[in-house]
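Results of the structural survey
This is what each chain is made of:
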Amino acid sequence: MALQYGRPQLSIPGPSIMPDRVLNAMHRASPDIYEGELIDVTVSLYPDLKAVARTDGDVAIYIANGHGAWEAAICNTLSRGDKVLVINTGRFGEGWANMARALGVDTEILDFGQSAAVDPQIVAGRLGQDKAHDIKAIFTPQTDTASSVSNDIAGLRSAISDTGHPALFFVDCIASLGCERHEMDAWGVDVMVAGSQKGLMTPPGLSFVFFNEKAAAARKSAGLVSAYWDWVPRTRPEAYYQRFGGTAPTHHLFGLREALDMLVHEEGVSAAWARHERFARAIWAAVEAWAASGAFRLNVQNPAQRSHAVTTVLTGEDEGGRLRRWCKEKAGLTLGIGLGLSEPGTPEWDAVFRIGHMGHLNVPMVMGMIGTIDAGLKALGIAHGDGASETAARVISEHDFS
C-alpha cells in the first residue's frame, strides 16, 4: 500500500516548489508581445531582480537555464586565449570551467574538494604568483548544489582585493539567490549569474546575468561576444524584442512577476534569508539526530560552510537510494539524487541523497519532509538515531515569528 495520495512534495535542490500563485499567474492566454501589459510587466521586473541581488548594476534576462547564464557571462567579458581561475567546491565550478574551456578560454581549476569551502588565503596566494596579471577572471559558486558547500563570498573578495589583482570576480548564485545572503555591490562582485527555478520560485527557463561597470567595460574588448548572448541590447534595447533576442518568454515573465511580488514586496528579501537559515538549521539538527546511530552524516561538517538552500547527506552503501525510492513511491516525497559526488551505477551512487529546502517553504512542509524521511528509515530498517522531529521542532520554535 502506498501513502502518497494527496499533494506530492518536491524536495530536490531545484526546480523548487512552484507557489500556486505563480502557477495561476502563468495560467492565461498568450498576450500581445508588441505592446501593452507584457511590456509593462517586463520593465517592472528589473528593479526587483536588482533588489534581490543587492545591486545598482545591470541585469540581462535570457531564455536559458543556468548553463546559458554561464555562457553569457563568459561571452560578454572574455576572448579566446584569456586565462581564468575557477574555484571548485563540488561539481558546478568544474562545470563552469569546462564550458569556458570549450569556448577557447585557458582555464585553471583550484579545487577545494567536495566537503569544505574555499580558503581565501590560498586563492590570494595563487593570485600573488600572477605577477603579469594573466588571469582575467575568477569564477566561483556561492553554493555548490551538489556538495551543499557555501563559500564566503565577502571574505574571498576581500582576499582578492588585498592582492591588488585586477581580475573580474564572477559568482554563481543559481542555487543561492533569494535563499542566502548575497550583497553583490557591497561584496564587490563584478558578474553574478542566477536562474529562475530555485529561490526565485519560477519554472526553469529564465536565467540572469548581473554585471557592474567594470564588467561592462570588459565587454567592449571581449572577443567572444555573439549576437544572441550580447547583454548590451538586452539591457539597452532600442525595441522590446531585443530584451530577449527575439520573442519574449511570455508566461515565465508573468510567473516571475508574481514570485517577485511575494519575495520582494511581501516577505522581504532579508526575511526570506532568515527563513531559509532557520529551516536549514532545523534540517541539519534532524540529520545530526539520525547520525547518532548508523552511517548518516552531513557532507559539510562546518556549519558556517553549509548552504541554507540544499543539504547533502552521506549514508551507508545503498541506504540513500533505498530511502529516496521509499519516500517517493510510498509517501509522495521526492528527494535529490547524489549528484556529482559519485557516478551513476557505482556503489557510491546510492550512498548520497540531497534535501532541497529553497524557495516556497513553510513549517508544515519542512516538518512533514523530516517526518517522512524518519518514517522511511524506520520502514526500511535503516539504523538511525531518534529524536529528529523533536530536535527540528525545537530549532524552528526558537525563530522570532513576530
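Computed from a predicted structure; not experimentally measured.

**Details of the environment of L377**
Of note, L377 is situated in helix α13 (residues 363–380). Sequence-wise, L377 and R80 are 297 residues apart; in three dimensions their C-alpha atoms are separated by 51 Å. Apart from residues lying up to four places away in sequence, L377 is in contact with W290, F296, L323, I382 and H384.

**Quick word on the packing of aromatic side chains**
One pass over the structure, following the stated rule, counts 11 aromatic pairs. With centroids separated by 5.8 Å and ring planes inclined at 70 degrees, the aromatic side chains of Y240 and F244 adopt a geometry described as edge-to-face. For the pair Y240 and F244, one class covers both residues: buried. A network of ring pairs unites the aromatic residues W70, F92, W96, F139 and F170 as a single cluster. Over the ring of W284 we find R306; its NZ or CZ atom is 5.0 Å from the centre of that ring.

**Examining the pairing of strand β3 (residues 83–88)**
Judged by how many residues are buried, β3 sits mostly within the fold: six of six residues are covered. In β3, alternate side chains face the same way, and those of K83, L85 and I87 on one face and V84, V86 and N88 on the other are all buried. Note that β3 and strand β4 (residues 106–111) share six bridges and pair parallel. Opposite I87, over in β4, you have L110 as the bridge partner. Taken together, β3, helix α4 (residues 92–102) and β4 form a β-α-β motif whose crossover is right-handed. Examined bridge by bridge, β3 and strand β5 (residues 135–141) share four bridges and lie parallel to one another. Bridged to V86 within β5 is F139.

**A few points about the packing of helix α11 (residues 269–290) against α13**
Running from amino to carboxyl end, α11 crosses α13 at an angle of 15 degrees, the nearest separation of the two axes being 11 Å. Between α11 and α13, the angle falls in the class roughly parallel. The handedness of the crossing between α11 and α13 comes out as right-handed. Two secondary-structure elements touch here, α11 through F279, A282, I283, A286 and W290 and α13 through V363, V366, M369, I370, I373, D374 and L377. Of the residues that constitute the contact of α11 with α13, the class distribution is 11 nonpolar, no polar and one charged.

**Details of the environment of F211**
With respect to the helices and strands, F211 occurs in strand β8 (residues 206–211). For the pair F211 and E183, spaced 28 residues apart in sequence, the C-alpha to C-alpha distance is 13 Å. Not counting residues up to four positions away in its chain, the partners in contact with F211 are G57, D58, A60, M184, D190, V191, A216, W231 and T235.

**What to know about the pattern of salt bridges**
All chains considered together, the criterion is met by 21 salt bridges. Between R324 and D350 there is a salt bridge whose closest N-O contact spans 3.3 Å. With R324 in helix α12 (residues 319–331) and D350 in the loop between β11 (333–337) and β12 (352–356), this pair connects stretches of sequence that are 26 residues apart. The same class applies to R324 as to D350, namely buried. Residue D350 is joined to R325 by a salt bridge in which the shortest nitrogen-to-oxygen separation is 3.5 Å.

**Overview of the sheet that holds β3**
Read across the open sheet, the seven strands follow the order β2-β8-β7-β6-β5-β3-β4; overall the sheet is mixed. Each end of this open sheet is capped by a strand with a single partner; those strands are β2 (58–63) and β4. Strand-to-strand twist in this sheet, taken as the mean axis angle between neighbours without regard to direction, amounts to 20 degrees. Together, β2, β7 (191–195) and β8 form the strand contacts of helix α2 (residues 37–53), whose direction differs from that of β2 by roughly 110 degrees. Against the sheet, helix α6 (residues 153–163) contacts β3, β5 and β6 (168–172), and its axis sits at roughly 165 degrees relative to β6.

**Some words on the side chain of T107**
Topologically, T107 is positioned in strand β4. Taking relative accessible area as the criterion, T107 reaches 13% and is therefore assigned buried. Side-chain polar atoms of T107 contact the backbone oxygen of V105, separated by 3.1 Å. The residues touching T107, leaving out its near neighbours within four places in the chain, are V84, V86, A97, A100 and R101.

What counts and what doesn't
Residues numbered from 1 in each chain as written. Predicted model: local features only at pLDDT ≥ 70, side-chain atom pairs only at ≥ 80, totals over all residues. Heavy atoms only, no water. Helix = DSSP H or I, 4+ residues; strand = E, 2+ residues; numbered from the N terminus. Contact = heavy atoms within 4.5 Å. Phe/Tyr/Trp six-rings, centres within 6.5 Å; stacked < 30°, edge-to-face > 60°. Buried < 20%, exposed > 50% of the residue type's maximum accessible area, 1.4 Å probe, protein only. Lys NZ or Arg CZ within 6 Å of the ring centre and 35° of its normal. Pairing = 2+ DSSP bridges. Right-handed = clockwise from strand over helix to strand, strands pointing away. Axes fitted to C-alpha atoms, helices over the stretch in contact; angles between N-to-C directions. Parallel < 35°, antiparallel > 145°, perpendicular 65-115°, else oblique. Left-handed = near helix turned anticlockwise from the far one by under 90°. Nonpolar A, V, L, I, M, F, W, Y, C, P; charged D, E, K, R; others polar. Salt bridge = Lys/Arg side-chain N within 4 Å of Asp/Glu carboxyl O. Polar contact = N/O pair within 3.5 Å; in protein donor to acceptor, adjacent residues only side chain to side chain.

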